[in-house]
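Fold and geometry: a report
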Amino acid sequence: MIVVINPVPLYRKMFKEMGPQHWWPADSKMEIVIGAILVQNTNWNNVDMALNNLRAKTNLDVHNILQLKQSELETLIRPSGFYKNKSKSLLNVLRWFDQVNCDFDKLKTMAGANLRNDLLALPGIGEETADSLIVYVFDQPAFIADKYARKLFNYLGYPTTNYHQLKSRVALPTTFTYQDAQEFHGLIDEFGKDYLKNSTRFGQSFLNHFELETIIRE
């Protein structure tokens, strides 16, 4: 017997109180890909600076980025931090997309049910980045158990120690679309910026005393 969390009532409550968030903040899917790598272990303000540097030099065109010397790429993305590792990850990921001319639908079809594993096999792609790409680039539903999500579920009575543990406890229904997954992630992160700084702030939020719904599975 396994007890899992049904996130739909929480999602509906947050959507009712906060409205649509229209995440991810980007002009194109390739910008989302690049941003998902650069945002690792930093904040979005730093990513913005790095993206602006890349945009000015390459127009965020994959071929233009792949033609850069690694040292030049490192300089451009330096504001995002960990620029040596991120430059290597970025080049590996962009080469993967470039093999099919950045045809996201073709990649999704080729990978099929192995898409998440294929993403995780790329250097520098962890669970959070893989799920973010699945939701925002490949238009498939997934729960993104990021830092804000783990904090939120902790306050709601379900503490977890890592990404995988929370993800395995949240069961998305078959009716949950990728648009729902995008909104849910955006809602959690925007809520987190306002209310997940400490227990006092959470106590002032509309989710204080909210009870999660659980499902028992055989």
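Residues numbered from 1 in each chain as written. Predicted model: local features only at pLDDT ≥ 70, side-chain atom pairs only at ≥ 80, totals over all residues. Heavy atoms only, no water.

Considerations on unusual backbone geometry
In terms of backbone geometry, most residues other than glycine have negative phi values and most peptide bonds are trans. Note that the residue after Trp23, namely Trp24, is joined by a cis bond; omega there is 10 degrees. Residue position: Trp24 is located in the loop between α1 (8-18) and α2 (29-38). Here the phi dihedral of Phe82 falls at roughly 45 degrees; this positive angle occurs in a residue that is not glycine. With phi around 55 degrees, Asn101 is a residue other than glycine that occupies positive phi space. (Helix = DSSP H or I, 4+ residues; strand = E, 2+ residues; numbered from the N terminus.)

Focus: the packing of helix α5 (residues 70-77) against helix α6 (residues 83-98)
At a minimum axis separation of 9 Å, α5 and α6 run at an interaxial angle of 115 degrees. As for the relative orientation of α5 and α6, their crossing is right-handed in sense. For the pair formed by α5 and α6, the contact residues are Gln70, Leu73, Glu74 and Ile77 on the first element and Tyr83, Lys84, Lys86, Ser87, Lys88, Leu90 and Leu91 on the second. Across the contact of α5 with α6, the residue classes break down as five nonpolar, two polar and four charged. (Axes fitted to C-alpha atoms, helices over the stretch in contact; angles between N-to-C directions. Left-handed = near helix turned anticlockwise from the far one by under 90°. Contact = heavy atoms within 4.5 Å. Nonpolar A, V, L, I, M, F, W, Y, C, P; charged D, E, K, R; others polar.)

Considering empty space enclosed by the protein
For the structure shown, the criterion picks out one cavity of 30 Å³ or more. Here the largest cavity defines a volume of roughly 60 Å³. Around the largest cavity, the lining residues are Ala142, Phe143, Ile144, Asp146, Ala149, Phe176, Ala181, Phe184, His185, Ile188 and Asp189. At five residues, helix α12 (residues 178-195) tops the list of elements feeding residues into the lining of the largest cavity. Residues of the lining of the largest cavity, tallied by class, amount to eight nonpolar, one polar and two charged. (1 Å grid on protein atoms, 1.4 Å probe; cavity = no way out; pocket = protein on both sides within 12 Å on 5 of 7 lines; lining within 4 Å. Points joined across faces, edges and corners; volume = space filled by probe spheres on them.)

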